[in-house]
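Architecture and fold: a report
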Amino acid sequence: MAVALIVAAGSGERLGAGVPKALVELAGRPMWLWSLDALARCAAVEQIVIAWPPEIASTQASLAERLCTSVGIESVEGGASRSESVLRALRAARSAEIVLVHDAARPLLTPELAESVISALSADPDAHAAIAAAAVTDTIKRADASLLVSETLPRNELWSVQTPQVFRREALERALGGADTELALATDDASLIERSGGRVIVVPSSPENIKVTTPVDLRLAGLLLAARHGPSA
Ligand code: C5P
């Protein structure tokens, strides 16, 4: 069995909604509820720990417990960086051997995707982590500060990385035990494992599992959720 950590403690500055991003309404619900719902329907998940922005932690924690009774819910206050929020949630989690980490900013998560990333890790005993990612369809170039192109990267080797990311607990604990400066710079947890030579495997996922960062993403996510769940969503 696995524990799932949902990190929802970001401020959402780039979305500019005036409230923490996880609270922004999306297809009739606060954004975080979509991820909670998908993970609660995942048979392999025995507990979900949510890291909230401190100012809304107690109100949202009781709402989450009321709305989701099929699986154990735990809440913590998030930290100053994403990695710190993951670490706080991990410390509050039950002692399961497999830990799934998911960004509340990806509300298009499905139980099937979560199950397939968990299964991929279980199927490879040497792997430390398995991560959902979509094949890159754009051509990606590197450019310097003056916008001069220096390189075109080979697209067939590129993946646009998402969450869920699933870890052997020991590997995640070791990765999150690094220096604060290193943790503050990490945009995902798998990169911390890669850095120490860990084995991370990609699980191909749909580009539909978008991350909501800007107002355009929010609109797109709303349309995709309504198409998936019907106009009442
Ligand atoms: O900022 P960004 O959208 O990249 O954040 C990714 C995820 O990490 C979001 O779900 C956000 O709520 C979460 N986060 C967090 N604690 C922070 C910063 C971000 O839980 N301090």
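So, a few notes on the structure that sits alongside this text. (Residues numbered from 1 in each chain as written. Predicted model: local features only at pLDDT ≥ 70, side-chain atom pairs only at ≥ 80, totals over all residues. Heavy atoms only, no water.)

Moving on to the overall build of the protein chain. Tallying secondary structure elements over the protein chain gives eight helices and 11 strands in all. Radius of gyration (C-alpha) of the protein chain: 17 Å, near the 17 Å computed for a compact globule of 233 residues. The principal-axis extent of the C-alpha atoms belonging to the protein chain is close to 55 × 40 × 30 Å. Restricting to contacts in the protein chain with at least 6 residues of sequence separation, those with at least 24 account for 73%. Total accessible area on the protein chain stands at roughly 11,400 Å², and carbon and sulfur atoms take up 52% of it. (Helix = DSSP H or I, 4+ residues; strand = E, 2+ residues; numbered from the N terminus. Rg over C-alpha atoms; globule rule 2.2 N^0.38 Å. Contact = heavy atoms within 4.5 Å. Areas by Shrake-Rupley, 256 points an atom, 1.4 Å probe, with all protein chains shown as cover.)

The next subject is the sheet that holds strand S11 (residues 200–204). Taking strand neighbours across the sheet as the criterion, the seven strands line up as S5-S4-S1-S6-S10-S7-S11 in an open arrangement whose pairing is mixed. Where the open sheet ends on each side, the last strands, each with one partner, are strand S5 (72–77) and S11. The mean angle between the axes of side-by-side strands here comes to 25°, regardless of whether they run parallel or antiparallel. Taken strand by strand, helix H2 (residues 57–67) contacts strand S4 (45–52) and S5, and its axis lies near 155° from that of S4. Running at roughly 65° to strand S10 (residues 159–168), helix H4 (residues 111–123) makes contact with strand S1 (2–7), S4, strand S6 (98–103), strand S7 (129–135), S10 and S11 of the sheet. (Pairing = 2+ DSSP bridges. Axes fitted to C-alpha atoms, helices over the stretch in contact; angles between N-to-C directions.)

The local shell around the ligand holds 15 residues, among which Val7, Ala9, Gly10, Lys21 and Ser85 are the closest. Lys21 has a polar side-chain atom sitting 2.8 Å from an oxygen atom of the ligand. At 2.9 Å, a backbone N or O of Gly79 approaches a nitrogen atom of the ligand. With respect to the pocket detection grid, the ligand is positioned in the largest pocket. Taken together, the residues of the shell around the ligand break down into six nonpolar, four polar and five charged. (Near = heavy atom within 4 Å. Polar contact = N/O pair within 3.5 Å; in protein donor to acceptor, adjacent residues only side chain to side chain. 1 Å grid on protein atoms, 1.4 Å probe; cavity = no way out; pocket = protein on both sides within 12 Å on 5 of 7 lines; lining within 4 Å. Sits in = over half its atoms within 2 Å of the grid points. Nonpolar A, V, L, I, M, F, W, Y, C, P; charged D, E, K, R; others polar.)

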